[in-house]
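Residue-level structure breakdown
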Protein chains: 2
Amino acid sequence: MLLSYTEENYLKALLKITFDSGVEKVGTNELASALDVKPATANDMLKKLKEKMLVDYKKYGKINLTSEGKKIAIEIIRKHRLWETFLYQKLEFSWDEVHEVAEQLEHIQSQKLVDKLDKFLAYPEFDPHGDPIPNSKGEIKIHYKKTLSEMTPGNTCKMVAVKDNSSPFLQYVVKVGLGINNEINIISIQEYDLMMVIEVNGQQSTVSQKFAENIYVVNK
Amino acid sequence: MLLSYTEENYLKALLKITFDSGVEKVGTNELASALDVKPATANDMLKKLKEKMLVDYKKYGKINLTSEGKKIAIEIIRKHRLWETFLYQKLEFSWDEVHEVAEQLEHIQSQKLVDKLDKFLAYPEFDPHGDPIPNSKGEIKIHYKKTLSEMTPGNTCKMVAVKDNSSPFLQYVVKVGLGINNEINIISIQEYDLMMVIEVNGQQSTVSQKFAENIYVVNK
DNA sequence: ATACAAAGTTAGGTTAATCTAACAATATTT
DNA sequence: AAATATTGTTAGATTAACCTAACTTTGTAT
Ligand SMILES: [Mn+2]
Ligand SMILES: [Mn+2]
Ligand SMILES: [Mn+2]
Ligand SMILES: [Mn+2]
């Protein structure tokens, strides 16, 4: 099926929302705000996507991707993450620069290009932000993740991904001395405001709860 | 200046026409047919591009790119040819497959991407079809070319580029055993229909005038 | 120098994607 | 259960990029 750039973004947003919230059902306002359009606009598009059998939805009801819609959405996320990996690994982009360009590149239509890119990158499993890259069959390796904010003093964990992909956040993470695969020791947590003192590579830093909620870790 | 995908294609088409025809002045119908739209459509866009000071043109007059318009058009051609080179050299695309994908990739907006790609490819001077790649300053190495059809029996020349970039033609070129940098001996030319017998790598082939007109060569 | 042909323009219409403003349905609170 | 707030829908308008059909200008040939 040939979809427009815009239609693709709606499908991707729907999948992203369910990934992030864990809930299958999505609302019109939620979708609209994720895409930075008005609810009326999203509503129009929803009718069109329903017509194309890519979403499951009825008036005043919740929105669901059909399996076909989901398949397409995963393919777009696959392309997005492969391109991010390419920019990061081959073209020396920093991890806070890749997302914006990948937002454009993910819409290039060429199955061959995706396959060849995947091969060129030696079939990477994770993108520069630690997010899993769906394979050519659309399978995603979802490994259970906790956030740094769930850790307690004395814990040691390893950073595996970031939740917030915005450039300011990513730059801040680097400034704190943190990166994917770094080991983190939780030194202490301030009761009052949940500020956390952590140690990475022998360097201590104090981070806010908001910050800690955006760092994915696995226990050591 | 932020231009739409479509506006970029109009600028590129204008430059291409002047390159191919050698003439600076372009007509509305010519432009429309190059873009596969109706003259009325091209006329609308011309007004818009004039407003943005990217083309020089007045009612019933001929069309010219302004220097700003030309600069942008060259940048798009630079991106197109860099991407073709990337696909060909790094992703193992064949030379008849690269153009179509590059038509999409040339519209990706990121100065950094272009610069990094150029560096990654070690600042290539020519694309897979032998066309010169403009450098980061917009300079193009135009080396004087003749077509194979201008050669006479006894001449030896070297193929440097192709004029027609269509997939069927490029595949045919390969079938004849021809490629960029191959040495060609002109064996004979049929007076009546200008069919040409050539020798490449010891292999003789007979090619039509139409074919010969689409192969660029330099004398040996 | 007309007449005809080719080239270019205008007017009016369509579709995709967006908006605002008004309205309707559903959910939450008192 | 009624009132209120939230959420979702509809109607009508706008813009970009396209179209067809009719018209005008320019170029060519008799
Ligand atoms: Mn991203
Ligand atoms: Mn990512
Ligand atoms: Mn090309
Ligand atoms: Mn080329």
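So, here is what we can say about the structure in this document.

1. Describing the packing of aromatic side chains
In total, this model carries eleven aromatic pairs over all chains according to the counting rule given. When the ring of Phe 120 of chain A is compared with that of Phe 120 of chain B, the centres are 6.3 Å apart and the planes differ by 75°; the resulting orientation is edge-to-face. Within this pair, whereas Phe 120 of chain A is found in helix α6 (residues 111–120), its partner Phe 120 of chain B is found in helix α6 (residues 111–120), the two belonging to separate chains. Take Phe 120 of chain B: its relative accessible area is 23%, and that puts it in the partly exposed class. Ring geometry for Phe 169 of chain B versus Phe 211 of chain B: centroids 5.4 Å apart, planes at 55°, classification tilted.

2. Observations concerning the side chain of Gln 104 of chain A
Structurally, the position occupied by Gln 104 of chain A is in helix α5 (residues 98–105). Non-local contacts of Gln 104 of chain A, meaning those with residues more than four positions away in its chain, are made with His 107, Ile 108 and Gln 109 of chain B.

3. With respect to the sheet that holds strand β4 (residues 156–162) of chain A
Across a sheet, paired strands are connected by hydrogen bonds in the backbone, their directions being either parallel or antiparallel. All names here are of chain A. Overall, antiparallel pairing links the six strands, which are arranged β3-β8-β4-β5-β6-β7 in an open sheet. Edge positions in the sheet fall to β3 (146–147) and β7 (203–207), since each has one partner strand and no second. By the bridge criterion, five bridges tie strand β5 (residues 183–189) to strand β6 (residues 196–200) in an arrangement that is antiparallel. For Ile 189, the partnering residue across the bridge sits in β6 and is Met 196.

4. Quick word on the coordination of the manganese ion (ligand 4)
Residues and elements named next belong to chain B. Coordination of the manganese ion (ligand 4) by the protein is provided by Glu 84 (OE), Asp 127 (OD) and His 129 (ND1), with metal-donor distances spanning 2.1 to 2.4 Å. Along the chain, the residues donating to the manganese ion (ligand 4) are arranged with the sequence spacing E-x42-D-x1-H. Separation of the manganese ion (ligand 4) from the manganese ion (ligand 3) amounts to 3.5 Å, with Glu 84 serving as a shared donor to the pair. Note that Glu 84 is positioned in helix α4 (residues 67–89) and Asp 127 in the loop between α6 and β3 (146–147), a separation of 43 residues in sequence. For the pair shown, Glu 84 and Asp 127 are each scored as buried.

5. Examining the coordination of the manganese ion (ligand 3)
Residue and element names in this part refer to chain B. All of the protein donors around the manganese ion (ligand 3) are His 80 (NE2), Glu 84 (OE) and His 99 (ND1); their distances to the metal are 2.0 to 2.1 Å. For the manganese ion (ligand 3), all donor residues lie on one chain, and their spacing in sequence is H-x3-E-x14-H. According to the relative accessible area criterion, His 99 is partly exposed, its value standing at 22%.

6. Remarks on the pattern of salt bridges
Within this structure, the stated rule accounts for 22 salt bridges over all chains. Notably, a salt bridge pairs Lys 52 of chain A with Glu 7 of chain A, separated by 2.9 Å at the nearest N-O pair. Of this pair, Lys 52 of chain A sits in the loop between α3 (39–51) and β1 (55–56) while Glu 7 of chain A sits in helix α1 (residues 5–21), and the two are 45 residues apart along the sequence. Accessibility expressed as a relative area gives 3% for Glu 7 of chain A, which makes it buried. Lys 48 of chain B serves as the salt-bridge partner of Glu 7 of chain B, at 3.2 Å between the closest nitrogen and oxygen. Of this pair, Glu 7 of chain B sits in helix α1 (residues 5–21) while Lys 48 of chain B sits in helix α3 (residues 39–51), placing them 41 residues apart in sequence. Note on Lys 48 of chain B: relative accessible area 39%, which makes it partly exposed. Connected through shared salt-bridge partners, Glu 7, Lys 48 and Lys 52 of chain A make up one network.

7. Examining unusual backbone geometry
Trans peptide bonds make up most of the peptide bonds, and negative phi angles are found at most residues other than glycine. For Asp 36 of chain A, which is not glycine, the phi dihedral falls at a positive 60°. Look at Asp 36 of chain A and you get exposed, because its relative accessible area is 72%. At Glu 92 of chain B, a residue that is not glycine, the phi angle is positive and equals roughly 60°. Mapped onto the secondary structure, Glu 92 of chain B falls in the loop between α4 and α5 (98–105).

Analysis parameters
- Residues numbered from 1 in each chain as written.
- Chains lettered and ligands numbered in written order.
- Predicted model: local features only at pLDDT ≥ 70, side-chain atom pairs only at ≥ 80, totals over all residues.
- Heavy atoms only, no water.
- Phe/Tyr/Trp six-rings, centres within 6.5 Å; stacked < 30°, edge-to-face > 60°.
- Helix = DSSP H or I, 4+ residues; strand = E, 2+ residues; numbered from the N terminus.
- Buried < 20%, exposed > 50% of the residue type's maximum accessible area, 1.4 Å probe, protein only.
- Contact = heavy atoms within 4.5 Å.
- Pairing = 2+ DSSP bridges.
- Donors = N, O, S within 2.8 Å, 3.2 Å for Na, K, Ca; no water.
- Salt bridge = Lys/Arg side-chain N within 4 Å of Asp/Glu carboxyl O.

Limitation: the analysis is restricted to geometry and does not speak to function.
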